[in-house]
Amino acid sequence: MKVHTYEKAFLWAGAVVLIAFMGALLYASAAMGINLPGAEERVDPATVTSMPPFDQPGVRQVGEGRYEVVLIGRAWQFTPAEIRVPAGSEVTIIATSTDVIHGIHVEGTRINMMLVPGQIARNTYTFQEPGEHLLVCHEFCGAGHHFMFGRVIVE
Ligand code: CUA
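Residues numbered from 1 in each chain as written. Predicted model: local features only at pLDDT ≥ 70, side-chain atom pairs only at ≥ 80, totals over all residues. Heavy atoms only, no water.

A.B. asks: Describe the overall build of the chain, naming the residues involved and giving the relevant values.
C.D. replies: Broken down by element type, the chain carries one helix and ten strands. Beginning at the N terminus, the succession of helices and strands in the chain can be written as α-β-β-β-β-β-β-β-β-β-β. Here the chain has a C-alpha radius of gyration of 21 Å; the compact-globule value for 155 residues is 15 Å, and the former is much larger. Among the 155 residues that make up the chain, the fraction classed as buried is 32%. Contacts in the chain between residues far apart in sequence, at least 24 positions, make up 56% of those at least 6 positions apart. For the chain, the accessible area works out to roughly 9600 Å², and carbon and sulfur atoms hold 61% of it. The centroid of the 10 positive side-chain charges in the chain is displaced by 8 Å from the centroid of its 15 negative side-chain charges. (Helix = DSSP H or I, 4+ residues; strand = E, 2+ residues; numbered from the N terminus. Rg over C-alpha atoms; globule rule 2.2 N^0.38 Å. Buried < 20%, exposed > 50% of the residue type's maximum accessible area, 1.4 Å probe, protein only. Contact = heavy atoms within 4.5 Å. Areas by Shrake-Rupley, 256 points an atom, 1.4 Å probe, with all protein chains shown as cover. Lys, Arg positive; Asp, Glu negative; His and termini not counted. Charge placed at Lys NZ, Arg CZ, Asp CG, Glu CD.)

Structure below.
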């Protein structure tokens, strides 16, 4: 069978790209420790609100200028709906959903998380400037989706 030279070249280019991506995936997983949520991050969405840390959602200080926010998304609200931290704080959001898939986007920041029932999501961000950020659910989660929002107030 005669394969055209250009076609051959594109086939090879495709193969090289696939191998490069596979290599990048293996490198990210083995050398950088970037993985999909493992078993230790899995929870039962039906009982998650009765176990730590989700039995006490809210903002707490965990060190000098460091805060932890334990946040629950459920149709159609965030608990807590208001997060207050001082400017310059490093804030780690630990979040989950108890029902359907929700999302968190904090306006003006790179915080963009998926809240999947049964999984714990984590994200750390430093709020440098004082101000107010809208926190919205960015996954369509039903009739009240557009009512699902909160605020991050940086003081
Ligand atoms: Cu929750 Cu959309």
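There is more to say after this.
A.B. asks: Summarise the side chain of Ser-97; cite the residues concerned and give the values.
C.D. replies: Tracing the backbone through its elements, the reader meets Ser-97 in strand 5 (residues 89-97). For Ser-97, the side chain forms a polar contact with the main-chain nitrogen of Asp-99, separated by 3.2 Å. From its side chain, Ser-97 meets the backbone oxygen of Val-100 in a polar contact 2.5 Å long. Ser-97 has contacts with Pro-45, Gly-73, His-102, Leu-115, Val-116, Pro-117 and Gly-118, leaving out every residue within four places of it along the chain. (Polar contact = N/O pair within 3.5 Å; in protein donor to acceptor, adjacent residues only side chain to side chain.)

A.B. asks: Can you explain the side chain of Thr-92? Please cite residues and give values.
C.D. replies: Within the secondary structure, Thr-92 is located in strand 5. One polar contact links Thr-92 to Thr-124, side chain to side chain, over a distance of 2.9 Å.

A.B. asks: For the pattern of salt bridges, give the residues involved together with the corresponding values.
C.D. replies: Oppositely charged side chains may form a pair once their charged atoms are brought near each other. According to the stated counting rule, one finds five salt bridges in the structure shown. Measuring nitrogen to oxygen at the nearest pair gives 2.8 Å for the salt bridge that ties Glu-82 to Arg-151. Remark: Arg-151 occurs in strand 10 (residues 149-154) and Glu-82 occurs in strand 4 (residues 82-85); sequence separation between them is 69 residues. What makes Glu-82 partly exposed here is its relative accessible area of 34%. The exposure class assigned to Arg-151 is partly exposed, which follows from its relative accessible area of 33%. Salt-bridge contacts for Arg-151 lead to Glu-132; the nearest nitrogen and oxygen are separated by 3.0 Å. Placement of the pair is Arg-151 in strand 10 and Glu-132 in strand 9 (residues 131-136), with a sequence separation of 19 residues. (Salt bridge = Lys/Arg side-chain N within 4 Å of Asp/Glu carboxyl O.)

A.B. asks: Lay out the sheet that holds strand 10 with the relevant residues and their values.
C.D. replies: What holds strands together in a sheet is hydrogen bonding between their backbones, with the strands either parallel or antiparallel. Spatial strand order, 4-10-9-6-7: five strands in an open sheet with mixed pairing. Edge positions in the sheet fall to strand 4 and strand 7 (112-115), since each of these pairs with one other strand and no more. For this sheet, the mean inter-axis angle between neighbouring strands, taken without regard to orientation, is 20°. Pairing between strand 9 and strand 10: six bridges, direction antiparallel. Following the sheet pairing, Leu-134 is matched in strand 10 by Arg-151. (Pairing = 2+ DSSP bridges. Axes fitted to C-alpha atoms, helices over the stretch in contact; angles between N-to-C directions.)

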